[in-house]
Amino acid sequence: MNYNVENLFDNLHDENREDQTYIPLAKKQTPEHKALCEKIILSWFKEDCLNFDWSDEVVNAKLKNIAEVISSVDGMGPDILILEEVENERILTRLNREFLSKSGYITQVLIEGPDERGIDIALLSRLPLNGKPELHRIPYVGKNEEDKKWMARSRGILEVPLKTMTGETLVVLGAHFPSQQNPRYWREQAVDFLKSLIIEKEKKSMVIAGGDLNISHNEEQEAGFFKGAFSQVALVSHLEGCQTCAGTHHYKKSWSFLDVLMFSKKMGEKGSASYHFEANSVQVIGTSDRPQRFNVTTKEGASDHFPLYARIKKRN
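Just so you know, these numbers come straight off a predicted model, no measurement behind them.

*Asks:* I would appreciate a short explanation of the overall build of the protein chain in the present structure.
*Replies:* Helix and strand content of the protein chain: nine helices and 14 strands. Over its C-alpha trace the protein chain gives a radius of gyration of 19 Å, about what one expects of a compact globule, namely 20 Å for 316 residues. With respect to the three principal axes, the spread of C-alpha positions in the protein chain is 65 × 50 × 40 Å. Of all 316 residues assigned to the protein chain, the portion counted as buried reaches 55%.

Set out below in structure tokens:
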């Protein structure tokens, strides 16, 4: 399963990270904090920075709601869980040990990336590691110096090698591409790099790639990243199955599959891999008509994304 958990922050300030929005209100009363918030251009970001009360109670509610969504799959959550927008190892450990203890996730991976806000890609799994995880920096090429500066802070691609029940290696690649606020050519370069990683890793292992690729419905219609580039090297979840699914993200009355799972072509129905991807298992995990963002006041909701789920099965 892939799940963008939208701002899963603890309430401690990390050095060199712009996470000051996610601290308790009592710690936001200093002149230094208020001056920092006043520099924010977007009004609602500024308001959150000044008045968000990210208290212990709020953090616990956010963790509880996220865990309930994850656990709704088979009562214990998926065997492999890719997460986006996780602040750090501290909050991931709390989610795993305190709120998903029944899920039995023995593998927990988060490698700090360059994102200034501090949001990272993480993985939880009931499968053991079968090698050393790695965070791949995407080799962006900017059109100007300002682009190069911001691209250098972009999130990478998390590689985690897992050991299957057959003793083979299953490489999981987790990604979180630049948002739609950034130029399309940033995502084009990220698509090309992830595609090359899938090709490279598939030479020796089965590969699953998943994440929030931030490719909107309109952008896919125009650029064909899923139907074109990715379909050349992998089986794309919502193109192979989930034909009646609207999408994982709803914005301005439009649904998009910002979130995706992709599988080695050799994991297809007639492929050579030990496991095969069950196309008819793909589903969007949603308990409402659209994703419900976490509300600090009511403590309801979980994320502005729905998770995307699929199964792989050992061949007879």
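We are not done yet, so read on.
*Asks:* Looking at this structure, how should I read the state of the cysteines?
*Replies:* Two cysteines whose sulfur atoms are joined by a covalent bond form what is called a disulfide. Using the criterion set out here, one finds two disulfides in the structure. Paired by a disulfide, Cys37 and Cys49 hold their sulfur atoms 2.0 Å apart. Between Cys37 and Cys49 the disulfide shows an S-S torsion of about -70 degrees. By sign, it is left-handed. Within this pair, whereas Cys37 is found in helix H1 (residues 31-38), its partner Cys49 is found in helix H2 (residues 43-51), the two being separated by 12 residues in sequence. Considered together, Cys37 and Cys49 belong to a single accessibility category, that of buried residues. Across the disulfide from Cys242 sits Cys245; the S-S distance is 1.7 Å. The chirality of the disulfide connecting Cys242 with Cys245 is left-handed, given an S-S dihedral of about -85 degrees. Counting only the cysteines that take part in disulfides, in the order they occur along the protein chain, gives the pairing 1-2, 3-4.

*Asks:* How do you make sense of the side chain of Thr248 when you look at a structure like this?
*Replies:* Topologically, Thr248 is positioned in the loop between helix H9 (237-240) and strand S10 (249-251). Looking at Thr248, its side chain comes within polar contact range of the main-chain nitrogen of Leu258, at 3.5 Å. With sequence-adjacent residues up to four places away left out, Thr248 is seen in contact with Trp255, Ser256, Phe257, Leu258, Asp259, Val284, Pro291, Asp304, His305, Phe306 and Leu308.

*Asks:* It is not clear to me how the nonpolar core should be interpreted in this structure. Could you clarify?
*Replies:* Grouped burial of nonpolar side chains is what soluble globular proteins tend to show. Counting residues in each nonpolar core, the largest one holds 33 residues, and the members touching the most others are Tyr3, Trp54, Ile70, Leu81, Leu83, Val86 and Leu95. Those elements that place two or more of their residues in this core are strand S1 (2-8), helix H3 (56-71), strand S2 (80-86), helix H4 (89-99) and strand S4 (120-125). With 29 residues, the next largest nonpolar core counts Tyr140, Phe177, Tyr185 and Ala234 among its residues.

Procedures and definitions
Residues numbered from 1 in each chain as written. Predicted model: local features only at pLDDT ≥ 70, side-chain atom pairs only at ≥ 80, totals over all residues. Heavy atoms only, no water. Helix = DSSP H or I, 4+ residues; strand = E, 2+ residues; numbered from the N terminus. Rg over C-alpha atoms; globule rule 2.2 N^0.38 Å. Buried < 20%, exposed > 50% of the residue type's maximum accessible area, 1.4 Å probe, protein only. Disulfide = S-S within 2.5 Å. Polar contact = N/O pair within 3.5 Å; in protein donor to acceptor, adjacent residues only side chain to side chain. Contact = heavy atoms within 4.5 Å. Core = buried A, V, L, I, M, F, W, Y, C linked by side-chain atoms within 4.5 Å.

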